[in-house]
Amino acid sequence: MLSIRLALLGPPGVGKGTYSSILSKELRIPHLSTGELLRREISMKTELGREVESYVSRGLLVPDKIVNDIVAKRLCASDCANGFILDGYPRTLPQAVFLEEHFPLDKVVLLQASLETIIERICGRLYCPNCGETYHVSWKPPKRDNICDKCGAKLTRRTDDSPEVIKRRYEEYLATVSPVVDFYKKLGKLVPFRAEGDSQILAYSLLRELSSSRTEILVEK
Ligand SMILES: [Zn+2]
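Residues numbered from 1 in each chain as written. Predicted model: local features only at pLDDT ≥ 70, side-chain atom pairs only at ≥ 80, totals over all residues. Heavy atoms only, no water.

If you check an unreviewed UniProt entry, the protein chain appears there as Adenylate kinase from Thermofilum adornatum. Recorded under Subunit (unreviewed entry), the UniProt text for the protein chain is reproduced unchanged: "Monomer." (UniProt positions renumbered as here; feature names shortened; annotations may be inferred.)

Participant: I'd like a description of the UniProt feature "binding site: ATP" (unreviewed entry) in the protein chain, backed by residues and values.
Facilitator: According to UniProt, the feature "binding site: ATP" (unreviewed entry) maps to Gly 13, Val 14, Gly 15, Lys 16, Gly 17, Thr 18, Arg 125, Thr 134, Tyr 135 and Gly 197 in the numbering used here. Structurally, the position occupied by Gly 13 is in the loop between strand S1 (4–9) and helix H1 (16–27). Non-local contacts of Gly 13, meaning those with residues more than four positions away in its chain, are made with Ile 118, Arg 121, Ile 122 and Arg 125. Within the fold, Gly 197 resides in the loop between strand S8 (190–194) and helix H8 (199–220). Apart from the residues within four sequence positions on either side, Gly 197 is in contact with Arg 121 and Leu 202. (Helix = DSSP H or I, 4+ residues; strand = E, 2+ residues; numbered from the N terminus. Contact = heavy atoms within 4.5 Å.)

Participant: Talk me through the UniProt feature "binding site: Zn(2+)" (unreviewed entry) in the protein chain; I want residue IDs and the actual numbers.
Facilitator: Residues annotated by UniProt as "binding site: Zn(2+)" (unreviewed entry) correspond here to Cys 128, Cys 131, Cys 148 and Cys 151. A stretch of 24 residues holds the annotated residues, and the largest C-alpha distance among them is 8.6 Å, short enough that they meet in one place. For Cys 128, the position within the fold is in the loop between strand S5 (125–127) and strand S6 (134–136). By relative accessible area, which is 0% here, Cys 128 ends up buried. Ignoring sequence-local partners within four residues, the contact set of Cys 128 consists of Glu 133, Cys 148, Cys 151, Ala 153 and Leu 155. Among the secondary structure elements, Cys 131 is positioned in the loop between S5 and S6. Accessibility expressed as a relative area gives 39% for Cys 131, which makes it partly exposed. (Buried < 20%, exposed > 50% of the residue type's maximum accessible area, 1.4 Å probe, protein only.)

Participant: Describe the coordination of the zinc ion, with residues and values.
Facilitator: Taken together, the protein donors to the zinc ion comprise Cys 128 (SG), Cys 131 (SG), Cys 148 (SG) and Cys 151 (SG), at separations of 2.3 Å. One can describe the site at the zinc ion as tetrahedral: its four donor atoms subtend angles covering 102 to 118° at the metal. For the zinc ion, all donor residues lie on one chain, and their spacing in sequence is C-x2-C-x16-C-x2-C. (Donors = N, O, S within 2.8 Å, 3.2 Å for Na, K, Ca; no water. Tetrahedral: all angles 85-135°; square planar, octahedral: opposite > 155°, others 65-115°.)

Participant: Tell me about the packing of helix H2 (residues 34–43) against helix H4 (residues 64–75), and please be specific about residues and values.
Facilitator: In helix packing, the relevant descriptors are the interaxial angle and the interaxial distance, both defined with respect to the helix axes. Taken N-terminus to C-terminus, the directions of H2 and H4 make an angle of 95°; their axes are 10 Å apart at the nearest point. Considered as vectors, H2 and H4 are oriented roughly perpendicular to each other. Side by side, H2 and H4 meet where Thr 34, Leu 37, Leu 38, Arg 40 and Glu 41 of the first sit next to Val 67, Ile 70, Val 71, Lys 73 and Arg 74 of the second. (Axes fitted to C-alpha atoms, helices over the stretch in contact; angles between N-to-C directions. Parallel < 35°, antiparallel > 145°, perpendicular 65-115°, else oblique.)

Okay, structure coming up:
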């Protein structure tokens, strides 16, 4: 049975969503975004969801214990039996320690890109407010300037974030994630990956890299 448990780490704007969805499709394992899991829990009004909401509504970070419980609940579902891709988790050392104890990962991919690349990527994003299609001025431009290829609506910028805000978020992310990166490096599970360029294409190189190591994983199990 083919099985691989992955997590993708990387700063906001590095393209985690694109990598996750391509890997998920090709490896036929679910892509689990923590943000989505938390939002779903809130909308289902579960006990955990109400706890999450009490933090989110006050603008506070959701404590590790609650995030761990929500992720663990999801990982027990039958579609995760052959593996999964975590996106946005683990973000802190206690989360990583918890995960290693209960659902040990095979590989942890660290997507790396320079601040300049991230700024270009985030600031160039365009979005169709009508159908939700996304574009990028450099990598995926619409056929006609500022017009959605699919529905003809006028496109808007995805973000109002200034380069300063992006820089601050980038540095905050690196500081937060560095204990997590060290943790997986020591375990020999870290796969650093240069994510500079078209993430659609790069995702397939990453897939090849993971597939070659997947054989070892299979032999071990
Ligand atoms: Zn559209």
